[in-house]
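# A structural walkthrough
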Amino acid sequence: MADDNNDEPRGLRRGLTNYGDRDFSLYLRRSFARSMGYSTDMLNRPVVGITNTHSGFNNCHRHLPELVEAVKRGVLAAGGLPLEFPTISLGEPYLSPTSLMFRNLMSMDTEEMIRAQPMDAVVLVGGCDKTVPAQLMGAASADLPAVYLLAGPMLTHRQDGERLGACTDCRRWWGEYRGGRIDKARIEQIEGGLATTAGTCAVMGTASTMACITEALGLALPGTAAIPAVHAARLRAAEASGMQALAAARQDLRPSRLITARSVENALRVLLAVGGSTNAVIHLTAVARRVGIDVSLDRLNTLSDETPVLVNLKPSGSHYMEDFFAAGGVGALLRELKPLLHLDGLTITGETLEQRLAAETGTWVDRDVIRPLDDPYEPVGGLVALFGSLAPGGAILKRSAADAGLFEKDARAVVFASLEDLAARVDDPDLDISADDIMVLQNAGPRSAAAMPEAGYLPIPKKLAQAGLKDMVRISDARMSGTAFGTIVLHVTPEAAIGGPLAYVRTGDRIRLSVKNRRLDLLVDEATLAQRRAATPLAATAPTRGYAKLYADHVTQADQGVDFDFLGS
Ligand code: FES
């Protein structure tokens, strides 16, 4: 591996800085690299880049320095030179207006730094919500051999006999507080116990769903998606990921060889079987489109009808990610799903999925957490796409985390024109609303000022919450946290801000939801809608500079992955 006479661009000889003299460029690069104290042997080795997304603004990544050191150990042991490099980091609760707006920026940062710097393979290290899709998107576009080391989930905490884990319990307890069933002292005590270790949210939220999807796509080492962040096995996975990066470089295991139409379909099956996050539909669509693969919502519906929920995790079920790990993790799930999966695709070990699963026979599985295919937790998949006059381009409902009693409904709309309008009026005692109404939020999609935040989980109006109401139908062009529960229709496409039908709903209109028929319809005649269209200005923002302008000029709708229109393949 230390051969300096290889004509192939490799290691520090890759992608030379252009000074008009290649030999000078290499000489200069090596002399500068020597200033970091590397020996000739080290400088002649293949290079593995390691993305470091540690940040003081990202609690989920607070253990990444230790993980990166373990990755380096693996690279060195395999004969490579590990070079870590920073990219931006997206700490979910710290970004305004919302982390999704910056996912594409992070993907561009990741792609360009992988491409511009001399490396033969890369280990992507991350985990918090938008980080995984951003890094997958960037790596898919750069198309250099890439191993994904996930940050891993937090452990849960126990407080007064209650098990607490971010962030389904965050929302459940906040609902109790809003309903007046617990006091301020209790909610402050709970605040201190929801997120107590490094790692990503402890339930099957977006981060965990994307972790499972990453392993299903074959980009993470087998069995690594669910290992808790602070478990020694995660450090061993880090070391193994570093070693595997060298092997992936030798075997040219580029993301475009792993992310195929068939592995994307496997990933969709896994998303459905884990009762995963609605956000993952957007993210997987964006990742797939980076290698020229379309994800159709019609196909999602077909797969959802064929793929039962097998994993009993919050928010759809009752367990946490550490239980999923102990129960057998993604491997156990994939073995159950085997009859439904395409098994011929490559994984990052160079094995096919079939070879991987064949090597995992005889492993114990906790059947309370991961159910067999013939005795599922839910008979059909967790997500369903809806279409109709209110959502011509589709909308998403997480039926596994919703009240089935609300699935067939023809009811009066109560409309909020924006997040500000919602905040101003939702708790007004005089708000004209009943438990039987449908709440509608407008102007919270990708092109709105809010930039598609996780605001689709509209709060139940206080007077209804205090009367004991736990759920009602809520419709918006926003997203929802993967950790949330409720009968919540999201990602309505096209969004209100660019003139989608959602913009022209008014309080008092009738809306018909039929999950059985996959329909979402606004029962208003075309002449009335035409009058409203003529009288309603578009709410899309038009920033004049910087990233906000790039975003507004190029962001696509939810059915296209909310990626930039110039980044697809
Ligand atoms: Fe980072 Fe939930 S806040 S994964």
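This is a predicted model, so every value here is computed, not measured. (Residues numbered from 1 in each chain as written. Predicted model: local features only at pLDDT ≥ 70, side-chain atom pairs only at ≥ 80, totals over all residues. Heavy atoms only, no water.)

### Some thoughts on the overall build of the chain
Test applied: Each helix is a run of H or I in the DSSP string that is no shorter than four residues. Each strand is a run of E no shorter than two, and both are numbered from the N terminus. Put simply, the radius of gyration uses C-alpha atoms, and a globule should come to 2.2 Å times the residue count raised to 0.38. A 1.4 Å probe rolled over the protein chains alone gives each residue an accessible area, and that area as a share of the maximum for its type sets the label: buried under 20%, exposed over 50%, partly exposed in between. The contact criterion used is simple: two residues touch if any of their non-hydrogen atoms lie within 4.5 Å. Here, Shrake-Rupley sampling with a 1.4 Å probe gives the accessible areas, and only protein chains in the shown set may cover a residue.
Within the chain, the secondary structure is distributed over 20 helices and 14 strands. Computed over the C-alpha atoms, the radius of gyration of the chain is 24 Å, within 12% of the 25 Å expected from 2.2 N^0.38 for a compact globule of 569 residues. The C-alpha extent of the chain, read off along each of the three principal axes, is 75 × 55 × 50 Å. Relative to its 569 residues, the chain shows a buried fraction of 61%. When contacts within the chain are restricted to residue pairs at least 6 apart in sequence, long-range pairs at least 24 apart make up 75% of them. Of the roughly 21,100 Å² of accessible surface on the chain, 52% is carried by carbon and sulfur atoms.

### With respect to the packing of aromatic side chains
For clarity, the threshold we go by: Here a pair means two rings of Phe, Tyr or Trp (six-membered ring of Trp) with centres within 6.5 Å. Their orientation is stacked below 30 degrees between planes, edge-to-face above 60, and tilted elsewhere.
Counting across every chain of the model gives 8 aromatic pairs. With centroids separated by 5.7 Å and ring planes inclined at 75 degrees, the aromatic side chains of Y19 and F24 adopt a geometry described as edge-to-face. What makes F24 partly exposed here is its relative accessible area of 34%. Judged by centre distance (5.1 Å) and plane angle (50 degrees), the ring pair of W174 and Y177 falls under tilted.

### Digging into the environment of K314
Cut-off, in case you're wondering: Throughout this description, a polar contact denotes any pair of N or O atoms lying within 3.5 Å of each other; where both atoms belong to protein, one of them has to be capable of donating a hydrogen while the other can accept it, and for residues adjacent in sequence the pair is counted only when both atoms sit in side chains.
Residue position: K314 is located in the loop between α13 (297–306) and α14 (321–327). Put simply, K314 and C212 are 102 residues apart on the chain and 15 Å apart in space, counted from C-alpha to C-alpha. Here K314 is in contact with T168, D169, R172, V203, M204, H319 and Y320, once residues within four sequence places are set aside. At 3.0 Å, the side chain of K314 forms a polar contact with the side chain of D169.

### Here's the deal with the sheet that holds strand β3 (residues 121–126)
Worth spelling out the cut-off: What makes two strands pair is DSSP finding at least two bridges between them. Axes here refer to lines fitted to C-alpha atoms; in helices the fit is confined to the stretch in contact. Angles between the N-to-C directions go from 0 to 180 degrees.
The sheet built from 4 strands is open, its strands ordered β2-β1-β3-β4 with parallel pairing. For this open sheet the edge positions go to β2 (81–86) and β4 (146–150), each flanked by a neighbour on one side alone. On average, each strand axis in the sheet is inclined to that of its neighbour by 20 degrees, with strand direction left out of account. Relative to β2, strand β1 (residues 47–52) runs parallel, the two being bridged by 6 bridges.

### Considerations on the nonpolar core
Going by this rule: Definition of nonpolar core: a set of buried residues of the types Ala, Val, Leu, Ile, Met, Phe, Trp, Tyr and Cys, connected through side-chain atoms within 4.5 Å.
Counting residues in each nonpolar core, the largest one holds 99 residues, and the members touching the most others are I114 and F324. For this core, the leading source of residues is helix α11 (residues 261–273), giving 7 residues. Those residues in contact with F324 that lie beyond four places of it in its chain are M204, C212, A226, V311, L313, G329, V330, V369 and I370. Among the nonpolar cores identified, the runner-up in size contains 30 residues, and L386, L406, A411 and A496 belong to it.

### Quick look at the pattern of salt bridges
The test is simple: The working definition used for a salt bridge is a side-chain nitrogen of Lys or Arg within 4 Å of a carboxyl oxygen of Asp or Glu.
Inspection of the entire model under this criterion finds 46 salt bridges. When the shortest N-O distance is used, the salt bridge between D160 and R186 registers 3.6 Å. Taken as a pair, D160 in the loop between β5 (157–159) and β6 (162–164) and R186 in helix α7 (residues 184–191) lie far apart in primary sequence, 26 residues in all. Note on D160: relative accessible area 60%, which makes it exposed. A salt bridge links R335 to E360, with the nearest nitrogen and oxygen atoms 2.9 Å apart. In this pair, R335 is assigned in helix α15 (residues 329–337) and E360 in the loop between α16 (353–358) and β7 (383–388), connecting sequence segments 25 residues apart. Three or more residues are tied together by salt bridges with common partners; here these are E92, D129, K130, E454 and R479.

### A short note on the pairing of strand β12 (residues 488–493)
Here β12 lies mainly inside the structure; 6 of its 6 residues are buried. Relative to β12, strand β8 (residues 391–398) is paired through 3 bridges, and the arrangement is antiparallel. When the sheet's bridge partners are listed, G394 is paired in β12 with T493. Sheet topology note: the strand β11 (residues 474–476)/β12 ladder contains 2 bridges and is parallel. Directly across from I475, in β12, lies its bridge partner V489.

### Remarks on the side chain of S277
Considering the arrangement of structural elements, one finds S277 in the loop between α11 and α12 (279–290). Those residues within four positions of S277 in sequence are excluded, and the remaining contacts are M204, G205, T206, T209, L271, L383, K398 and G482.

### Some words on unusual backbone geometry
The step from A166 to C167 runs through a cis peptide bond, and the omega angle for that step is -5 degrees. Within the fold, C167 resides in the loop between β6 and α6 (168–178). Following K314, the chain continues to P315 via a peptide bond in cis, the omega torsion being 5 degrees. Looking at the element boundaries, P315 is found in the loop between α13 and α14. The backbone of M452 sits at a positive phi, close to 60 degrees, despite the residue not being glycine. Take M452: it is sitting in the loop between β10 (438–441) and α18 (462–466).

### Description of a nonpolar patch on the surface
The condition is simple: Patch membership requires more than 30% relative accessible area and the absence of a salt bridge. Residues of like charge join within 9 Å; the nonpolar side chains Val, Leu, Ile, Met, Phe, Trp and Tyr join within 5 Å.
A cluster of nonpolar side chains, namely Y19, F24 and Y27, defines an oily patch on the protein surface of about 350 Å² accessible area. Mapping Y19 onto the fold places it in the segment before α1 (22–34). For Y19, a relative accessible area of 47% translates into the label partly exposed.

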